[in-house]
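Listed below, chain by chain, are the residues.
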Amino acid sequence: MVDYSQRGLDGVFAAIADPTRRAILRRLARKPATITEIARPFAVSLNAVSKHVKVLERAGLISREVMGRRHVCRLQPTSLKRATAWLNECTEFWQTRFDALERYVAGQMQTKKPTGGSRAHNR
Amino acid sequence: MHTTDDPNRVVVRRRIPAPREVLFEAWTDAEGFRQWMCPGDVVSNEAILDVRVGGSFRILMKSKTAEYEHTGVYKIVDPPSKLVFTWTAKATGDTPTLVTVEFFAAGEETEIVLTHEKFTDPEVSKRYRGGWGQILEKLSIYQAKKVQQ
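Bear in mind the structure is a predicted one, so any value in this text is a computation, not a measurement.

What counts, and where the lines are drawn
- Residues numbered from 1 in each chain as written.
- Chains lettered and ligands numbered in written order.
- Predicted model: local features only at pLDDT ≥ 70, side-chain atom pairs only at ≥ 80, totals over all residues.
- Core = buried A, V, L, I, M, F, W, Y, C linked by C-beta atoms within 7 Å.
- Buried ≥ 20, exposed ≤ 12 C-beta atoms within 10 Å, placed from the backbone.
- Contact = placed C-beta atoms within 7 Å.
- Pairing = 2+ DSSP bridges.
- Helix = DSSP H or I, 4+ residues; strand = E, 2+ residues; numbered from the N terminus.
- Expected span 1.5 Å × (residues − 1).
- Arc of directions from axis to C-beta.

Caption draft 1: Layout of the nonpolar core. Grouped together as the largest cluster of nonpolar side chains are 52 residues, with contacts concentrated most on A:Val12, A:Leu56, A:Leu61, A:Val105, B:Leu23 and B:Ala26. Once residues lying within four places of it in the same chain are set aside, the contact partners of A:Val105 are B:Ile16, B:Ala18, B:Val22, B:Leu23 and B:Ala26.

Rendered as structure tokens:
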């Protein structure tokens, strides 16, 4: 498996552990938005949303562009892609281990099998 | 690619033509385990397994260029049906994760279901509770589509 920490995924997974932050990401996946626009559907203060945005920003999940008084947030998909890739590699790791396990067990079955015996004898 | 209903986990299934006892032994016998728990470029592998609840294991995989240490503690040892252990490696960010291996009899074969859950540390799991896997995938798919458009 490829190194998890080297990719800085801790921050990514921590950032998306929060349901409000995930909702913010989904919102930004549709299109970029200002903090006020992001905050609109949430029952939390603008200040709270601003803190969530900061966490997402630090994790590299979003970028923020300051245009006068407007802060426009944009989804940065690279970190998400790295995290997804890591999950896929985890699956891949176990799949290939299962391939090896299958080969190993086939060998075991050959050596353990009594002459002329059926598999049932090994149970 | 990771197929799971629960986005917190990676679940891998495999049906293998061998009885559960043989497969359980392959997971718990150090010599056998050492032989097959040997990914791609790994040229030698040492395994010390103390297979009992609370017992620990250490696997040291060596490739030509690097060493990968995997350690953990057995949580459930229920032959031949279930094995649960923590799994800590560089690949998990040196954070303990939880691996559950279940062995289901399927006629003369065995279906193995492996569940790899991340962030089992109670402190960490509190923060990580949430469906990040699926969400990540959905978001990246969405992004990929957007890029194509």
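Picking up after the structure, the text goes on.
Caption draft 2: Looking closely at the sheet that holds strand E2 (residues 62-67) of chain A. Residues and elements named next belong to chain A. Judged by pairing direction, the sheet is antiparallel, and its three strands sit side by side in the order E1-E3-E2 without closing on themselves. Each having just a single partner strand, strand E1 (33-34) and E2 make up the two edges of the open sheet. Examined bridge by bridge, E1 and strand E3 (residues 70-75) share two bridges and lie antiparallel to one another. Across the sheet, threonine 34 pairs through a bridge with valine 72, a residue of E3.

Caption draft 3: Quick peek at unusual backbone geometry. The omega torsion of the bond from B:Pro79 to B:Pro80 falls at -5°, within 30 degrees of zero and hence cis. Here B:Pro80 is to be found in the loop between strand E4 (67-78) and strand E5 (82-89).

Caption draft 4: Expanded view of helix H4 (residues 46-58) of chain A. All names here are of chain A. Compared with an ideal rise of 1.5 Å per residue, which puts 13 residues at 18 Å, H4 spans 18 Å between its outermost C-alpha atoms and is within 8% of the ideal. For H4, the complete set of buried residues consists of His52, Val53 and Leu56. One side of H4 carries all its buried residues, which in axial view fall inside an arc of 100°. When the buried face of H4 is taken as reference, the exposed residues oriented beyond 90 degrees from it are Asn47, Lys54 and Arg58. Residues of H4 that are buried in the fold lie against helix H1 (9-15), helix H2 (19-30), helix H3 (35-39), E2 and E3. Just past H4, the residue glycine 60 takes up positive phi, approximately 75°.

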